[in-house]
Amino acid sequence: MKNTKQILAIALAAILVCIGAVAVFAKPEGTSYQTGTFDSANQYLNDEVTILTRAVTDEGTLSTIATASEYFLDVAGGKDYNYFGILVCEPAADGYYKVISTDFTTGRPDGAKSDVEIPEDGFILAINGTKTELFANVQTSAVVGDFVKISGVTVADLELESAKVEILTGATWELFHDDGTVEESEEESVAESEAAESTEETSKPKTPDTGDTSVVFVIVAVIALAGVVVAKKVRN
């Protein structure tokens, strides 16, 4: 009986650790909601979907749309991609990229995207506004937190000084929504936030703010394991 209880306690602790890990990491849904092809890399043409990357040169790394496009396109001051809708994507787990911002405003001045930063080891998926159906579909469906999977192209290869502008053949992209593993909290207003802080300061002592739900599960798991050890010592 004693061994059975110990095994059950250890199993419970392991389950709690696994639950904590699952709760922290968002994952893509199993099926993509939009797919497409890249016509080019670091290009500025009507009716195209292009992948924009940083430019890694001997003089340094050019990381904004304006500076990178100035290099890749040999255009003074670069291009502002004002008539493109963009998804800014940074590396995520398992070969996916995560959408950290979007901008589908077109025209100048509001649609100018010169200063948009291209993430390190990431890219920008840029859809020209003349691809009206695709542009509209992605605009109405894509949200921050979505995932992107690319095939037939490697970001690091496009960043190199020798790459310049690339015509891509067989390069594809897929968009996935978050599978709902992590629920993002709604943003509080400044007043609500200040009121909440004030209430917390005058109420009972707070639980330490870990900033990560996995920590809570790990703590519980450690406590459970410690209980097993204590119980064993007492019985012995």
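Further up the page is the structure itself.
Residues numbered from 1 in each chain as written. Predicted model: local features only at pLDDT ≥ 70, side-chain atom pairs only at ≥ 80, totals over all residues. Heavy atoms only, no water.

## Describing the packing of aromatic side chains
Logical step 1: All chains considered together, the criterion is met by 8 aromatic pairs.
Logical step 2: Between Tyr 44 and Phe 84 the ring centres are 5.5 Å apart and the planes differ by 40°, which places this aromatic pair in the tilted class. Of this pair, Tyr 44 sits in the loop between strand S2 (40-41) and strand S3 (49-52) while Phe 84 sits in strand S6 (residues 84-91); the two residues are 40 residues apart in sequence, bridging distant segments of the chain.
Logical step 3: Given a relative accessible area of 1%, Phe 84 falls into the buried group.
Logical step 4: Seen from their ring centres, Phe 104 and Phe 135 are 5.5 Å apart, and the 90° between their planes marks the pair as edge-to-face. One end of the pair, Phe 104, is in the loop between strand S7 (97-103) and strand S8 (123-128); the other, Phe 135, is in helix H3 (residues 132-141), with 31 residues separating them in the sequence. Here Phe 104 and Phe 135 have matching classes, each one buried.
Logical step 5: Joined through ring pairs, the aromatic side chains of Tyr 44, Tyr 81 and Phe 84 make up one cluster.
Logical step 6: Between Lys 149 and the ring centre of Tyr 96, over which it is positioned, the NZ or CZ distance is 4.4 Å.
Logical step 7: One Lys or Arg, Lys 164, reaches over the ring of Tyr 71 and ends 3.9 Å from the middle of that ring. (Phe/Tyr/Trp six-rings, centres within 6.5 Å; stacked < 30°, edge-to-face > 60°. Helix = DSSP H or I, 4+ residues; strand = E, 2+ residues; numbered from the N terminus. Buried < 20%, exposed > 50% of the residue type's maximum accessible area, 1.4 Å probe, protein only. Lys NZ or Arg CZ within 6 Å of the ring centre and 35° of its normal.)

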